[in-house]
Amino acid sequence: MTHILEIKHMTKTFNESSFLLRRRFDNTPPAVDDFSLSIASGESFGLVGESGSGKSTVANSIMGLVKPEAGEILFEGHDLLTMSQQERRALYQEMQMVFQDPYSTLDPKKTVGWSIMEPLNIHKIGSKAERKQMVLEALTDVELDEAYFNSYPHQLSGGQHQRIAIASAIVLRPKLLVIDEGVSSLDVSIQAAILNLLNDLKKKYQLTYLFISHDLNVIEYFCDRIAVMYHGKLVEIFDSANTDVSKRADYTKKLVEAIPQIYLT
Ligand SMILES: Nc1ncnc2c1ncn2[C@@H]1O[C@H](COP(=O)(O)OP(=O)(O)O)[C@@H](O)[C@H]1O
Ligand SMILES: [Mg+2]
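Per chain, residue numbering runs from 1 following the sequence as it is written. The order in which chains are written sets their letters, starting at A; the order in which ligands are written sets their numbers, starting at 1. Local features in a predicted model are, by the rule used here, given only for residues with pLDDT of at least 70; side-chain atom pairs are given and counted only at 80 or more, and totals for whole chains, interfaces and linings are based on all residues. Note: side-chain values were computed over all heavy atoms of the structure, leaving out hydrogens and water.

### Some thoughts on the overall build of the protein chain
The following threshold applies: Numbering of helices and strands runs from the N terminus; a helix is a DSSP stretch of H or I covering at least four residues, while a strand is a stretch of E covering at least two. Throughout, the radius of gyration refers to the C-alpha atoms, and the reference size of a globule is 2.2 Å times the residue count to the power 0.38. Three exposure classes are used, based on accessible area relative to the maximum for each residue type with a 1.4 Å probe and protein chains only: buried under 20%, partly exposed in between, and exposed over 50%. Contact criterion: two residues are considered in contact whenever any of their non-hydrogen atoms come within 4.5 Å of each other. Methods summary: accessible areas were calculated by the Shrake-Rupley approach with a probe of 1.4 Å, and residue burial reflects only the protein chains presented. By the counting scheme adopted, Arg and Lys are positive, Glu and Asp are negative, and His together with the chain ends is not counted. By convention, the charge on Lys lies at NZ, on Arg at CZ, on Asp at CG and on Glu at CD.
Of regular secondary structure, the protein chain possesses ten helices and ten strands. Relative to the 2.2 N^0.38 estimate, which gives 18 Å for 265 residues, the radius of gyration of the protein chain is 19 Å and therefore close to what a compact globule would have. Taking the principal axes of its C-alpha atoms as reference, the protein chain extends roughly 50 × 45 × 40 Å. Among the 265 residues that make up the protein chain, the fraction classed as buried is 49%. Expressed as a percentage of contacts within the protein chain between residues at least 6 apart in sequence, the contacts between residues at least 24 apart total 68%. A total accessible area of about 13400 Å² is found for the protein chain, and carbon and sulfur atoms account for 51% of it. Here the protein chain carries 27 positive and 34 negative side-chain charges, and the mean point of each set is 5 Å from the other.

See the structure below:
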């Protein structure tokens, strides 16, 4: 089995930067504590845990948005935490992230076409005409009419926002998509449509997903393997095909019982 992503013994602590408050916050526990997991190429890997358990910190560390103080994050065997800025920039073309809040992802003053084209501009891919063609193809991929090229975010629904966010993530043809609470703010029926779309795109482009949610129902439906996180630590990893709930860790059982009570903060 080839692993596209391996996290080894990663620890991230957010220290209070205020000098006056430092003493008080010296004992802040790590947001992510000696955390390890491996994702196989082509897998839909789920990460679940209640709000504040450290899921987004894992995602943000993978994407280089926060810097862990210990551990390794290997993308196809290369450690993202020790490589040069230049190497990292090249690799980030192959990993993209879809964030939780569809409304804050897009620049309200820019057209949809502009937003999807932005990553192509940043990575200097193709001629102007080729870029436009790639954006139109990405719109078709997320099942939106090409006419949306000239639309503005305020003209879109929540589900359409999230489709645009997905389009701008796949336009670079990444290998890995990190989806942090990508459907959590959407109505259930729209969630299902987006999950189906992600499954179609996965087949079409041989994508690997790290799919993060506080909602074990969604995770179990969508993912092959599931890691459970609690207070920054890995509780267990299980196969979603194995429905024998009695074999799961006590915390995971509690998470199942608590499903209706767990909400995002
Ligand atoms: N940028 C940050 N600065 C300080 N603390 C943070 C920051 N991001 C997350 N945290 C803290 O780290 C812990 C884990 O948060 P997070 O990774 O967002 O969890 P989750 O995504 O599972 O809800 C929380 O206690 C949170 O307050
Ligand atoms: Mg989060």
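### Description of the domain arrangement of the protein chain
Convention followed: Domain extents, as shown, originate in an automatic or database domain assignment. Buried area is a sum: the accessible area each of two parts loses on coming together, probed at 1.4 Å, counted once for each and added. Any Lys or Arg side-chain nitrogen located within 4 Å of an Asp or Glu carboxyl oxygen qualifies as a salt bridge. Polar contact is defined as a pair of N or O atoms within 3.5 Å, subject to the rule that within protein one atom must be able to donate a hydrogen and the other to accept it, and that residues adjacent in sequence are counted only when both atoms are side-chain atoms. Residues are grouped as follows: nonpolar covers Ala, Val, Leu, Ile, Met, Phe, Trp, Tyr, Cys and Pro; charged covers Asp, Glu, Lys and Arg; every other residue, Gly included, is treated as polar.
The assigned domain composition of the protein chain is domain 1 (1-94 + 178-265) and domain 2 (102-173). On the side of domain 2, 15 residues touch domain 1, which itself brings 16 residues to the contact. Each partner contributes to the roughly 1200 Å² buried at the junction of domain 1 and domain 2, and carbon and sulfur atoms together form 65% of this total. Among the residues of domain 1 in contact with domain 2, Gln93, Leu197 and Tyr205 are the three that bury the most area, contributing 43% of the side total. For the interface between domain 1 and domain 2, the tally reads one salt bridge. Between Lys204 and Asp141 there is a salt bridge whose closest N-O contact spans 2.7 Å. Summed over the shared surface of domain 1 and domain 2, the number is four residue pairs in polar contact (both at pLDDT 80 or more). Considering each element in turn, the side of domain 1 that touches domain 2 owes the most residues, nine residues, to helix α8 (residues 188-205). Considering only residue class, the side of domain 1 that touches domain 2 consists of ten nonpolar, three polar and three charged.

### Side note on the nonpolar core
We count it as follows: By nonpolar core is meant a set of buried Ala, Val, Leu, Ile, Met, Phe, Trp, Tyr and Cys residues that side-chain atoms within 4.5 Å join together.
By size, the foremost hydrophobic cluster in this structure holds 47 residues, and its most contacted members are Ile116, Ile166, Leu201 and Phe211. Composition of this core by domain shows at least three residues from each of domain 1 (1-94 + 178-265) and domain 2 (102-173). If sequence neighbours within four positions are ignored, Leu201 has contacts with Asp141, Val142, Ile166, Ile170, Gln206, Leu207 and Tyr209.

### Some words on helix α2 (residues 55-62)
Burial within α2 is extensive, with seven of its eight residues counted as buried. By the burial criterion, the buried members of α2 are Lys55, Thr57, Val58, Ala59, Asn60, Ser61 and Ile62. Looking at the residues trailing α2, positive phi occurs at Gly64, about 80°.

### Looking at unusual backbone geometry
With a phi close to 50°, Glu76 is a non-glycine residue in the positive phi region. Of note, Glu76 is situated in the loop between β4 (70-75) and β5 (78-79). Its identity is not glycine, yet Arg173 carries a phi of approximately 55°, on the positive side. Within the secondary structure layout, Arg173 lies in the loop between α7 (158-170) and β7 (176-180). A relative accessible area of 34% means that Arg173 is categorised as partly exposed.

### Considering the packing of aromatic side chains
Counted only if it meets this: Stacked, edge-to-face and tilted labels apply to pairs of Phe, Tyr and Trp rings (six-membered ring for Trp) whose centres lie within 6.5 Å, assigned for plane angles under 30 degrees, over 60, and everything in between, in that order. Placement of a charge over a ring requires the Lys NZ or Arg CZ to be within 6 Å of the ring centre, with the centre-to-atom vector within 35 degrees of the ring normal.
Within this structure, the stated rule accounts for three aromatic pairs. Look at Tyr230 and Tyr251: their rings are 4.4 Å apart centre to centre, the planes differ by 40°, and that puts the pair in the tilted class. Remark: Tyr251 occurs in helix α10 (residues 250-257) and Tyr230 occurs in strand β9 (residues 225-230); sequence separation between them is 21 residues. A relative accessible area of 35% means that Tyr230 is categorised as partly exposed. By way of ring pairs, the aromatic residues Tyr209, Phe211 and Phe222 are connected into one cluster. Taking NZ or CZ as reference, Lys110 lies 4.7 Å from the ring centre of Trp114, over its face. Residue placement shows Lys132 over the ring face of Phe149; its charged tip is 4.6 Å from the ring centre.

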